[in-house]
Amino acid sequence: HHARLEARPGVGYAVICTPTERRNLLEESRQAVASSFILTAGQRMQLLALKMLTAGEPIILKQVQQWVTVSRATVLKDINLIEPWLSRFNLQLERRPNYGFLVQGEELAIRQALVALLWGDTPFPDPLFKITYDAGLRFTLAEAAPFLPIVAQVQAQLLQWDVQAAFEWVAQTEVQMRGRFADNAVIHLALALAVQHERVKAGKLHTGSAEELFWLQKQPLWLMAQPVASA
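Now for a look at the structure at hand. Everything numeric in this text was worked out from a predicted model, so none of it was measured.

Criteria and cut-off values
Residues numbered from 1 in each chain as written. Predicted model: local features only at pLDDT ≥ 70, side-chain atom pairs only at ≥ 80, totals over all residues. Heavy atoms only, no water. Helix = DSSP H or I, 4+ residues; strand = E, 2+ residues; numbered from the N terminus. Buried < 20%, exposed > 50% of the residue type's maximum accessible area, 1.4 Å probe, protein only. Contact = heavy atoms within 4.5 Å. Expected span 1.5 Å × (residues − 1). Polar contact = N/O pair within 3.5 Å; in protein donor to acceptor, adjacent residues only side chain to side chain. Phe/Tyr/Trp six-rings, centres within 6.5 Å; stacked < 30°, edge-to-face > 60°. Lys NZ or Arg CZ within 6 Å of the ring centre and 35° of its normal. Core = buried A, V, L, I, M, F, W, Y, C linked by side-chain atoms within 4.5 Å. Salt bridge = Lys/Arg side-chain N within 4 Å of Asp/Glu carboxyl O.

### Side note on unusual backbone geometry
The phi angle at Thr69 is positive, at roughly 50°, despite the residue not being glycine. Along the chain, the position of Thr69 falls in the loop between helix H3 (61-68) and helix H4 (72-87). You can call Thr69 exposed: its relative accessible area is 58%. Although it is not a glycine, Arg178 sits at a positive phi angle of roughly 60°. Locating Arg178 in the fold gives a position in the loop between helix H7 (163-177) and helix H8 (183-201).

In structure tokens, the structure reads:
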């Protein structure tokens, strides 16, 4: 590459080359790193499912091919495997020629599917997400974000779900209840609250029936839930 590696005692190493040669070296290095991140089928389906559940408009098949760098046939196979899992939540996948595909269903069902996906309650192997007290919501592919478009998009979405803040809301509720949730329950509840909080901020509201609201208002936890819901 017409570059020279120079060792400078007491300082370190330096690559000696022209600006053009440096750009070429950096680009080749970036491509080499990108090629080392090869998604498994399970990882692709988790990423695609999350994109489908959070998309505000139809997703075009060609877009997905570019995001995950696989063939059209592979993308279609992934979608066909995701669809039965979505149906567990009474969610349908609307497909139209020259339109793309879009998840259709009630907002509450979409939130439930998102929490299940992030919790790892899916048939897809190679889980990508983990929730811990210390780090909140963790993404195992975070370091691949600069190299794979769909990973970068999912990473940006994950940053919208503030599980750390939700842990505080759960702790406040425990104080009001004068009790404690089990550890797993705390983590799951915080995840659900974080997803709900972001969806509400984005204007994605659940419209319940009058009977449902009446039942909820009669529950002992209703007064405790109101401050959390308005956080």
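We are not done yet, so read on.
### A few points about the side chain of Arg111
Along the chain, Arg111 falls in helix H5 (residues 107-119). Sequence-distant contacts of Arg111, defined by excluding residues within four places in its chain, comprise Val195, Gln196, Arg199, Val200, Lys204, Leu205 and His206.

### Thoughts on H7
Over its 15 residues, H7 extends 21 Å from the first C-alpha to the last, a length consistent with the 21 Å expected when each residue adds 1.5 Å. Contact partners of the buried residues in H7: strand S5 (129-132), strand S6 (136-139), H8 and helix H10 (222-229). N-cap assignment for H7: the residue whose side-chain oxygen lies 3.4 Å from the backbone N of Gln164 is Asp162.

### Some thoughts on the packing of aromatic side chains
The geometry of two aromatic rings is summed up by the distance between their centres and the angle between their planes. Applying the stated criterion across every chain, the model contains 4 aromatic pairs. Relative to Phe89, the ring of Trp85 has its centre 5.2 Å away and its plane inclined at 70°; by these criteria the two rings are edge-to-face. Judged by relative accessible area, which is 2%, Trp85 ranks as buried. Aromatic ring contacts, followed pair by pair, group Trp85, Phe89 and Phe124 into a single cluster. Here the basic side chain of Lys51 rests over the ring of Trp67, its NZ or CZ set 4.7 Å away from the ring centre.

### Concerning the nonpolar core
Leu53, Trp85 and Phe129 are the most contacted members of the largest nonpolar core, which has 59 residues in total. Here this core gets 8 residues from one element, more than from any other, and that element is H5. In this view, Trp85 contacts Ala49, Leu53, Ala113, Ala116, Leu117, Asp121, Thr122, Pro123 and Phe124; residues no more than four positions away in its chain are not counted.

### Looking at the pattern of salt bridges
Applying the stated criterion to the full structure yields 8 salt bridges. When the shortest N-O distance is used, the salt bridge between Arg95 and Glu83 registers 2.5 Å. You can see Arg95 sitting in strand S3 (residues 92-96) and its partner Glu83 sitting in helix H4, a full 12 residues away along the chain. A relative accessible area of 27% means that Glu83 is categorised as partly exposed. The partner of Arg96 in a salt bridge is Glu94, with the nearest N and O atoms 2.4 Å apart. Residue classification places Arg96 among the partly exposed residues on the basis of a relative accessible area of 44%. Taken together, the shared-partner salt bridges connect Arg4, Glu6 and Arg8 into one network.

Distances and angles like these do not, on their own, reveal function.
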